[in-house]
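Results of the structural survey
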Amino acid sequence: MKIVMAIIKPFKLEEVRDALTGIGVHGLTVTEVKGYGRQKGHTEIYRGAEYAVSFLPKLKIEVAVAADLTSSVIDAIAAAARTGQIGDGKIFVVPLEKAVRIRTGETDVDAL
Ligand SMILES: Nc1ncnc2c1ncn2[C@@H]1O[C@H](COP(=O)(O)OP(=O)(O)OP(=O)(O)O)[C@@H](O)[C@H]1O
Ligand SMILES: [Mg+2]
């Protein structure tokens, strides 16, 4: 199993959720976060000028998936979240050791 973690532009949440629903993802977690990428939170960087880092509001989406679904989840999120402008975000994939559905006691892929 994997956790696919995506940092996206907040207004893209509905599109990303619809895309994930469309490929059979049944649950996800969303967190409001702040961050910056290589523009350090600025829309323009002028050569030679120094700018303080700004944190921009983003959403973090976390989806636990069976390992063989990882690529389709990445593709769905990337396609739905992309505007082509800077700040579209990133997708990170990390290993997931264990999952438990608390109500039933099911584990791992059965719990997702
Ligand atoms: N290396 C990183 N580690 C953790 N979070 C990151 C990293 N890079 C970006 N992020 C998160 O993703 C958000 C969006 O990053 P962003 O899309 O601006 O990356 P970028 O590398 O600057 O790409 P682009 O040039 O397309 O803007 C950031 O605000 C931050 O929350
Ligand atoms: Mg950026």
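Described in the following lines is the structure provided in the data block. Just so it is clear, the structure is predicted and the values come from calculations on it, not from any experiment. (Residues numbered from 1 in each chain as written. Chains lettered and ligands numbered in written order. Predicted model: local features only at pLDDT ≥ 70, side-chain atom pairs only at ≥ 80, totals over all residues. Heavy atoms only, no water.)

On to the site of ligand 1. Taken together, 13 residues are adjacent to ligand 1, and G35, R38, G87, G89 and K90 come closest. Here an oxygen atom of ligand 1 and a backbone polar atom of G89 are 2.8 Å apart. Looking at which element gives the most residues to the shell around ligand 1, the answer is strand β4 (residues 89-95), with three residues. Here the residues of the shell around ligand 1 are counted per class, giving four nonpolar, five polar and four charged. (Near = heavy atom within 4 Å. Polar contact = N/O pair within 3.5 Å; in protein donor to acceptor, adjacent residues only side chain to side chain. Helix = DSSP H or I, 4+ residues; strand = E, 2+ residues; numbered from the N terminus. Nonpolar A, V, L, I, M, F, W, Y, C, P; charged D, E, K, R; others polar.)

The strand order across the open sheet formed by four strands is β2-β3-β1-β4, and the pairing between neighbours is antiparallel. Two strands lie at the open edges of the sheet, namely β2 (29-35) and β4, each paired on one side alone. Strand-to-strand twist of the sheet, defined as the mean angle between neighbouring strand axes without regard to direction, takes the value 25°. For strand β1 (residues 2-8) and strand β3 (residues 56-65), the ladder comprises seven bridges, and the chain directions are antiparallel. Within β3, the residue paired with V4 across the bridge is V63. Across the sheet, helix α1 (residues 13-22) lies against β1, β2 and β3, angled at about 10° from β3, the strand it touches most. Strands in contact with helix α2 (residues 70-81) are β1, β3 and β4; relative to β1, the strand with the most contacts, it is inclined by about 10°. (Pairing = 2+ DSSP bridges. Axes fitted to C-alpha atoms, helices over the stretch in contact; angles between N-to-C directions. Contact = heavy atoms within 4.5 Å.)

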